[in-house]
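Each chain is listed here by its residues.
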4 protein chains.
Amino acid sequence: MDRPSFDVSPYQRFLGLEWIRWEPGEVEIRLPFREEFLRADDSDWYHGGVVAALIDIAGDYALATRVGDGLPTVDLRVDWLRPARKGALLAVGRAVKVGRTVCTADVEVRDESGQLVAVGRGTFATPK
Amino acid sequence: MDRPSFDVSPYQRFLGLEWIRWEPGEVEIRLPFREEFLRADDSDWYHGGVVAALIDIAGDYALATRVGDGLPTVDLRVDWLRPARKGALLAVGRAVKVGRTVCTADVEVRDESGQLVAVGRGTFATPK
Amino acid sequence: MDRPSFDVSPYQRFLGLEWIRWEPGEVEIRLPFREEFLRADDSDWYHGGVVAALIDIAGDYALATRVGDGLPTVDLRVDWLRPARKGALLAVGRAVKVGRTVCTADVEVRDESGQLVAVGRGTFATPK
Amino acid sequence: MDRPSFDVSPYQRFLGLEWIRWEPGEVEIRLPFREEFLRADDSDWYHGGVVAALIDIAGDYALATRVGDGLPTVDLRVDWLRPARKGALLAVGRAVKVGRTVCTADVEVRDESGQLVAVGRGTFATPK
């Protein structure tokens with residue numbers, strides 16, 4: 001599977017995602033900041049839902065590098081470790097297990113200073 | 001705590017959320033459909049990240065009815081049970097536990113036909 | 001599928017589980033107390049790992065009522081809400097979704113006074 | 001905090017745990033096999049509940065190295081990746097975040113051949 005384009009997805013276009021790396025079992029995706037991501041008008045913190053979406057996408061693509069297609073997310077756990085502040089975020093997704101029925105991926109999200117702001121782990125359905 | 005306004009949050013404004021219910025320990029929130037929520041141009045399914053954000057928000061507000069303030073989300077599990085298709089979504093959040101250190105909330109998301117499309121459960125930090 | 005016996009499993013025999021209910025989509029299982037379940041010699045609290053095992057088993061059997069066989073657990077989230085003290089525990093497992101690839105179950109664990117002590121939610125692989 | 005003894009806990013004595021490593025932010029624990037851990041009389045697979053307990057314990061102690069005391073587990077996700085067969089298991093727990101209110105730990109469980117059989121991630125309450 002070639003590296004897919006974020007341009008074919010309305011929600012990924014809204015997020016404005018950018019590819020950094022697409023390798024077997026591992027991807028890195030950049031999320032540039034935009035004002036709509038803020039949790040409150042008087043805050044410079046990301047809304048957690050934006051970080052969760054980034055994790056879902058990075059986990060999915062990490063597995064897509066291995067199974068050759070996008071995978072429906074079955075379930076996902078997100079841990080928000082520190083506030084993600086204004087500025088780009090970088091998500092690294094890794095394939096943990098590729099099974100016949102389901103796959104597992106891990107994701108780490110860091111801010112521009114390299115600080116870990118969130119981690120995620122999910123189960124995805126392997127395409128037939 | 002009075003029912004908060006979605007208008008003070010850039011990301012919640014993007015989502016276009018509407019209040020249905022705000023009661024002690026339980027809230028209901030409506031997410032009207034918009035094209036930016038789609039996962040792909042050739043699909044009528046929501047992107048999972050939008051559903052995750054709705055769950056995070058509904059769980060948080062269910063607890064805010066009890067603790068009188070918004071709570072930082074510590075971690076969240078989302079299970080996507082069926083595709084959420086074009087059309088509004090309804091999220092019901094319930095406080096499961098209100099503790100001195102952390103709180104727990106459950107959320108169910110249904111489509112307009114009443115079909116359960118996703119569930120979520122999360123831990124939130126109790127404000128001091 | 002008839003209600004299975006706990007007697008064919010070494011670990012379930014150690015736990016000493018008892019059937020309360022076996023219905024389509026819902027089961028109830030009783031865990032009588034034994035001293036080996038304690039977390040510390042000077043405590044009357046259950047070790048969390050015993051509660052997690054009870055949740056795993058109740059979720060699995062809730063789905064087995066529907067799919068006619070035991071299901072491998074893919075992943076499980078457990079939330080410990082309150083200390084579970086000496087005395088029997090009761091777990092109610094419910095099938096949330098039965099899919100072709102994976103199933104989802106919810107479990108609530110209460111003590112003898114009816115107090116909710118833990119909840120769990122898991123994904124299980126549907127037998128072929 | 002010195003390395004604690006497994007001997008003061010009835011459930012940890014049942015498990016028969018052994019210390020391999022106790023370092024700041026990281027621990028390694030060995031679980032020798034015993035027949036009571038099997039999921040079925042005609043199987044050589046561990047019951048998942050035993051693996052979940054090992055993960056809970058390794059995550060807790062990884063954080064205890066940093067906060068100087070055991071921590072109540074708030075919630076835990078376990079992903080069973082492959083069957084764990086007869087033989088010892090090794091769990092490595094790592095502190096991911098040590099916060100004022102809550103802490104996060106990751107755990108990997110391998111069999112004697114080094115194969116990854118399960119992973120876990122949990123939130124624990126920081127002692128006051």
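You'll find the structure just up there.
Since the structure is predicted, the reported quantities are computational estimates derived from the model, not experimental observations.

Listed by partner, the interface residues are 28 residues for chain D and 28 residues for chain C. Elements represented by at least two residues in the side of chain D that touches chain C include exactly α1 (10-15), α2 (48-67) and β3 (73-80) of chain D. It is β3(D) that contributes the most residues to the side of chain D that touches chain C, eight residues altogether. Here the residues of the side of chain D that touches chain C sort into 15 nonpolar, five polar and eight charged. Two strands pair when backbone bridges link them, and strand β3 (residues 73-80) of chain C and β3(D) are joined in this way by five bridges, in the antiparallel orientation. Residue Leu76(C) lies in a different strand from β3(D), and its bridge partner there is Val78(D).

Time to look at the sheet that holds strand β6 (residues 116-125) of chain D. Strand order across the open sheet formed by twelve strands is β1(C)-β2(C)-β4(C)-β5(C)-β6(C)-β3(C)-β3(D)-β6(D)-β5(D)-β4(D)-β2(D)-β1(D), with antiparallel pairing between neighbours. In this open sheet, the two edge strands, each paired with only one partner strand, are β1 (18-23) of chain C together with β1 (18-23) of chain D. Sheet twist, expressed as the average angle between the axes of neighbouring strands with direction ignored, equals 15 degrees. Contacts between helix α2 (residues 48-67) of chain C and the sheet are confined to β1, β2 (26-31), β3, β4 (89-98), β5 (102-111) and β6 (116-125) of chain C together with β3 of chain D, with β4(C) contributing the most and set at about 45 degrees to the helix.

Structurally, Tyr11(A) can be placed in helix α1 (residues 10-15). With near-sequence residues (within four places) excluded, Tyr11(A) lies in contact with Glu36(B), Phe37(B), Leu38(B), Arg39(B), His47(B), Gly49(B) and Val50(B).

Moving on to the relation of the copies chain A and chain B. In the superposition of chain A on chain B (RMSD 0.0 Å, axial shift 0.0 Å), the rotation amounts to 180 degrees. Both copies of the chain, as the preceding transformation shows, are related through a two-fold rotation axis. Residues of chain A ranked by C-alpha distance from the rotation axis are headed by Arg77(A), positioned 2.1 Å from it. Looking at chain A, 100% of its interface residues are interface residues in chain B too, so the copies touch through the same face.

Take the interface of chain A and chain B next. Taken together, the contact pairs 28 residues of chain A with 28 residues of chain B. At eight residues, the largest contribution of residues to the side of chain A that touches chain B is made by strand β3 (residues 73-80) of chain A. Grouping the amino acids of the side of chain A that touches chain B by side-chain chemistry returns 15 nonpolar, five polar and eight charged.

For Val96(A), the position within the fold is in strand β4 (residues 89-98). For Val96(A), a count of 21 C-beta atoms within 10 Å translates into the label buried. Not counting residues up to four positions away in its chain, the partners in contact with Val96(A) are Thr104(A), Ala105(A), Asp106(A), Leu81(D) and Val119(D).

For sheets, the rule is that strands pair by backbone hydrogen bonds, running either parallel or antiparallel. Taken in spatial order, the twelve strands line up as β1(A)-β2(A)-β4(A)-β5(A)-β6(A)-β3(A)-β3(B)-β6(B)-β5(B)-β4(B)-β2(B)-β1(B) in an open sheet, and their pairing is antiparallel. With one partner strand each, in any of the chains shown, β1 (18-23) of chain A together with β1 (18-23) of chain B form the two edges of the open sheet. Neighbour-to-neighbour, the strand axes of this sheet turn through a mean angle of 15 degrees, independent of strand direction. As judged from the nine bridges shared by strand β5 (residues 102-111) of chain B and strand β6 (residues 116-125) of chain B, these two strands associate in the antiparallel manner. Following the sheet pairing, Cys103(B) is matched in β6(B) by Phe124(B). The strands touched by helix α2 (residues 48-67) of chain A within the sheet are β1, β2 (26-31), β3, β4, β5 (102-111) and β6 (116-125) of chain A together with β3 (73-80) of chain B, with β4(A) carrying the most contacts at an inclination of about 45 degrees. Strands in contact with helix α2 (residues 48-67) of chain B are β3 of chain A together with β1, β2 (26-31), β3, β4 (89-98), β5 and β6 of chain B; relative to β4(B), the strand with the most contacts, it is inclined by about 45 degrees.

With that settled, consider the environment of Asp106(C). Within the secondary structure, Asp106(C) sits in strand β5. For the pair formed by Asp106(C) and Gly93(C), sequence separation is 13 residues and the distance between their alpha carbons is 5.7 Å.

A word on the relation of the copies chain D and chain C. In summary, the two copies of the chain are related to each other by a rotation about an axis coupled with a shift along it. Relative to chain C, chain D is turned by 180 degrees and slid 0.0 Å along the rotation axis, the superposed coordinates differing by an RMSD of 0.0 Å. The fraction of interface residues of chain D whose copies in chain C are also interface residues reaches 100%, indicating that both copies meet through the same surface.

Conventions and cut-offs
- Residues numbered from 1 in each chain as written.
- Chains lettered and ligands numbered in written order.
- Predicted model: local features only at pLDDT ≥ 70, side-chain atom pairs only at ≥ 80, totals over all residues.
- Contact = placed C-beta atoms within 7 Å.
- Helix = DSSP H or I, 4+ residues; strand = E, 2+ residues; numbered from the N terminus.
- Nonpolar A, V, L, I, M, F, W, Y, C, P; charged D, E, K, R; others polar.
- Pairing = 2+ DSSP bridges.
- Axes fitted to C-alpha atoms, helices over the stretch in contact; angles between N-to-C directions.
- Least-squares fit on C-alpha atoms with pLDDT ≥ 70 in both.
- Buried ≥ 20, exposed ≤ 12 C-beta atoms within 10 Å, placed from the backbone.

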